[in-house]
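Take a look at the letters that make up each chain.
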Amino acid sequence: MAHPQTSWPERYYEEFDPERRRRLLDEAMAAGEGDAAENEIRRRLWELRYVQPRKNAPLADRYIALWLALDHWRKVGLAPRQVRAARKELEKMTGLLQPEGDAGLVQPLLHSELMHAVRLYLTTCVQSNYGTMLMGMMRMKDEQIVGKAAKEVAEVTLTVPRWAGMDEVFAPLAPAAREAFALVFPAGTEALERAFAQYDQSAR
């Protein structure tokens, strides 16, 4: 949970619970904290990101869903015969990366929201069985977890969009994911750079 003395909008991006985030945003807008135009975009991004799939159900995070969709195709295998199915699924989600509004205002805030989502995902992975092997019976070493996460970030943000022919649409995701990775794994910069360099070589 965000620290009550953290300034705006930092506390908004430190909070992971969607309903608490909305309360923080509403309170900031009511109190006139921060830039009004930026807060309005944050409100629109919040409504774009979180949806209630059914009555009384918890809010679903569409940015996490986007990441998981990309990760699904990464794990399935990037065979040419699967491109059409991948594009069909991913095209339904491209609006998440193309919100309406002045690009000069929207893009930096979209970047912050994507970074927040990837940070949430990576943090959750670290706290789950992501870092285990042998059917969850053995814990990976820290450097193995970092390497696994770095490989996923590079493949999800670069390899899969390139394979699907959707590089331009998914371009905002990679820089946001890199910043999120650095926050979750501050000692993992070299591993991430190696993973991205490997992608660059395979793309040639």
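For the structure given in this document, a descriptive report is provided here. (Residues numbered from 1 in each chain as written. Predicted model: local features only at pLDDT ≥ 70, side-chain atom pairs only at ≥ 80, totals over all residues. Heavy atoms only, no water.)

**What about the overall build of the protein chain?**
Put simply, the rule reads: Only DSSP runs of H or I with at least four residues qualify as helices, and only runs of E with at least two residues qualify as strands; both kinds are numbered from the N terminus onward. Here the radius of gyration uses the C-alpha set of atoms, whereas the globule reference equals 2.2 Å times the residue count to the power 0.38. Partly exposed describes any residue whose relative accessible area lies between the buried limit of under 20% and the exposed limit of over 50%, with all areas from a 1.4 Å probe on protein chains only and scaled to the type maximum. Throughout, a residue-residue contact means that at least one pair of heavy atoms, one from each residue, lies within 4.5 Å. Counted as positive: Lys and Arg. Counted as negative: Asp and Glu, with His and the chain ends omitted from the count. Charge positions are represented by NZ for Lys, CZ for Arg, CG for Asp and CD for Glu.
When helices and strands are counted, the protein chain shows 9 helices and 4 strands. When the helices and strands of the protein chain are placed in sequence order, the string is α-α-α-β-β-α-α-α-β-β-α-α-α. Here the C-alpha radius of gyration of the protein chain, 18 Å, is about what a compact globule of 204 residues would show, namely 17 Å. Principal-axis analysis of the C-alpha atoms gives the protein chain an extent of 50 × 40 × 35 Å. Expressed as a percentage of its 204 residues, the buried residues of the protein chain come to 44%. Considering only intrachain contacts with a sequence separation of at least 6, the fraction spanning at least 24 residues in the protein chain is 64%. Computed over 28 positive and 29 negative side-chain charges, the inter-centroid distance for the protein chain is 8 Å.

**Brief notes about the packing of aromatic side chains**
Here is the rule: Any two rings among Phe, Tyr and Trp, with Trp reduced to its six-membered ring, count as a pair given centres within 6.5 Å; such a pair is stacked if its planes are under 30 degrees apart, edge-to-face if over 60, and tilted if neither. Ring-over charges, as used throughout, are those where CZ of Arg or NZ of Lys falls within 6 Å of the ring centre and within 35 degrees of the ring normal.
Scanning the entire structure with this criterion turns up 6 aromatic pairs. Ring centres 5.6 Å apart and planes at 45° place the aromatic pair Trp 67 and Tyr 121 in the tilted group. Within this pair, whereas Trp 67 is found in helix H4 (residues 62–76), its partner Tyr 121 is found in helix H6 (residues 103–127), the two being separated by 54 residues in sequence. For the residue pair Trp 67 and Tyr 121, the accessibility class agrees, reading buried in each case. Each ring, one from Trp 73 and one from Trp 163, has its centre 6.2 Å from the other, and the planes form 40°; the classification is tilted. Of the two residues, Trp 73 sits in helix H4 while Trp 163 sits in helix H7 (residues 142–163), which places them 90 residues apart along the sequence. In this pair, the class of Trp 73 matches that of Trp 163, namely buried. An aromatic cluster is built from Trp 8, Tyr 12 and Tyr 13, whose rings are joined through pairwise contacts. The ring of Trp 46 carries the charged tip of Arg 22 above its face, separated from the ring centre by 4.9 Å.

**As for unusual backbone geometry**
Put simply, Trp 8 and Pro 9 share a cis peptide bond, and its omega is 5°. Here Pro 9 shows up in the segment before helix H1 (10–14). The phi dihedral of Asn 56 is positive, around 70°, even though this residue is not glycine. Turning to its location among the elements, Asn 56 is positioned in the loop between strand E1 (50–51) and strand E2 (60–61).

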